[in-house]
Amino acid sequence: MTAFKSGIVDAMNTIHARAALTDAGWLESATICIGDDGLITSVARGQAAPGDRQVDLLVPGMPNAHCHAFQRDIAGLTEAAGGSGADNFWTWRERMFQAVQGLDARALQRTALELYRGLRDRGYTSVAEFHYVHRLGGSSAEETAEALVQAAGAAGLRLLLLPVLYRRGGLDGSSLLARQAAFGLSLEQYGRLLEKLRAVAGRHPHLSLGIAPHSLRAVSADDLTEALNLRHAILPGCPVHIHISEQQDEVEAARLHLGTTPIAWLCDNAPVDRSWVLVHATHASDQELLMAREREAVICICTTTEANLGDGSFEIERWWQMGGSLAIGSDSNVCLDPSEELRWLEYQARLRRQRRALLLEAGSMHPGTSLWRRAVAGGRQAMGWESPGIGAGAPAELLAVTVSDSSLSPDDAMDDLVFAQRATRLEQLAGGLGAGWASDPRSAD
Ligand SMILES: [Zn+2]
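Residues numbered from 1 in each chain as written. Predicted model: local features only at pLDDT ≥ 70, side-chain atom pairs only at ≥ 80, totals over all residues. Heavy atoms only, no water.

**Student:** Explain the coordination of the zinc ion to me, using residue names and the numbers behind them.
**Tutor:** Geometry reference: four tetrahedral donors at a metal, ideal angle 109.5 degrees. Six octahedral donors, ideal angles 90 or 180 degrees. Here the zinc ion is held by His 66 (NE2), His 68 (NE2) and His 243 (NE2), and the distances to it run 2.0 to 2.2 Å. Read N to C, the donor residues that coordinate the zinc ion are spaced as H-x1-H-x174-H. Taken together, the residues His 66 in strand S5 (residues 62–67) and His 243 in strand S10 (residues 240–244) connect sequence positions 177 residues apart. By the burial criterion, His 66 is buried, and His 243 matches it. (Donors = N, O, S within 2.8 Å, 3.2 Å for Na, K, Ca; no water. Helix = DSSP H or I, 4+ residues; strand = E, 2+ residues; numbered from the N terminus. Buried < 20%, exposed > 50% of the residue type's maximum accessible area, 1.4 Å probe, protein only.)

**Student:** Help me get a handle on the sheet that holds S10, residues and values and all.
**Tutor:** The strand order across the open sheet formed by 4 strands is S10-S11-S12-S13, and the pairing between neighbours is parallel. Of all strands in the sheet, those with a lone pairing partner are S10 and strand S13 (325–328), marking the two edges. Taken pair by pair, the neighbouring strands of this sheet meet at an average axis angle of 30°, ignoring direction. Here S10 runs beside strand S11 (residues 276–280); their pairing, made up of 5 bridges, is parallel. Residue pairing in the sheet places Ile 244 in a bridge with His 280 of S11. With respect to the sheet, helix H8 (residues 262–269) is in contact with S10 and S11, its orientation differing from that of S10 by roughly 150°. (Pairing = 2+ DSSP bridges. Axes fitted to C-alpha atoms, helices over the stretch in contact; angles between N-to-C directions. Contact = heavy atoms within 4.5 Å.)

**Student:** Go over the domain arrangement of the chain with me, naming the residues and quoting the values.
**Tutor:** Domain parsing of the chain yields domain 1 (7–60 + 387–444) and domain 2 (62–359). Computed over C-alpha atoms, the centres of domain 1 and domain 2 are 29 Å apart. Inspection of the region where domain 1 meets domain 2 yields 1 salt bridge. For Glu 397, the salt bridge identified is with Arg 158, shortest N-O distance 2.6 Å. Connecting domain 1 to domain 2 are 5 residue pairs in polar contact (both at pLDDT 80 or more). Looking at the side of domain 1 that touches domain 2, the elements with two or more residues in it are helix H14 (410–419) and helix H15 (433–438). The dominant element in the side of domain 1 that touches domain 2, judged by the number of residues it contributes, is H15, at 4 residues. Of the residues contributing to the side of domain 1 that touches domain 2, the split by class is 11 nonpolar, 4 polar and 3 charged. (Domains from an automatic or database assignment. Salt bridge = Lys/Arg side-chain N within 4 Å of Asp/Glu carboxyl O. Polar contact = N/O pair within 3.5 Å; in protein donor to acceptor, adjacent residues only side chain to side chain. Nonpolar A, V, L, I, M, F, W, Y, C, P; charged D, E, K, R; others polar.)

Okay, structure coming up:
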């Protein structure tokens, strides 16, 4: 397990909660002790002691398993119709390419810092940054990556940085377009970048690394093999994230060029296991979901972005019933609120099935609690930091939930937090992660 050092532990070592959401369920009158390494050392029932930080409900912070920070710059600015009557993901993508033109590493850091603070304010405590805008303005791939590391540290978010391998224009083997030039790295450049970032990670306690072949569109079978060889040599066992089956066009192109559908091809041709994260999987067939479930891969669903881009609707209820690992991601950052992502998972299922309360854990009657727990567990898996939500050995990524209506049970409060936010609000823990990391000086690099 990665050793964590967080600002929370500098400010307070013990928290007392009216109830804490542990893996075994709600623990009432819970005392949580945190060690100097930023990990929870004990969770037990007991009375508050003098000096304890007292909160109402304590829940695990939400991992954000898929994010492109720079896209926050165009959130809300791509809604106007293009005039052709054919606006879709691909026309949005052209606008995204244009937005890259005006950026450099400093601008990226400013955007990312504001975004990451917003994510943290709304309940995300870690972020997986799927970073493919390697060369911006006059900035190098190393500088843009470092900009994201600095922004996450200053915002108090734990960061899984995923440098992206982006090698070609499509499954037909076409070259990158001129406006995709900032994304492209040779395999040699990619390997050097991973080595440099490995050294950077040794100096930043909030940073860990994974790899990200962008998609089957953007990497060939040989590229994927080479990327996995680099992973084995430089970052053995690290998380592997890949966009997959997001677009119907991509599925059709895979049938044409690979002879099968994307997730089926990936599971047959790559060592997919529980360290892999399949981002979107929107158009996965039942058979592909079974394959992903057998491999114990995480599916990361980015509902608000998928809706915004008109991608399609992932049938969450099928994956949920299989017991599949799921994570959520803010992706294009049109929405920064984890509750909204979770709410729309359940709402999509309701709209399809014409029923309510569909996404429930065994023995639970509350979708709010069920969704929060499943997305934390899958999100932690996606980050490569598998651990209980709140339990001994887990990182102290914690949120306080203040409930203004005393008639609500903790489960009622989680339903309110996810679906209405009438009587609940998230409270930042004073002296939180940001305070510890913001003082981490850039000169230390
Ligand atoms: Zn994405």
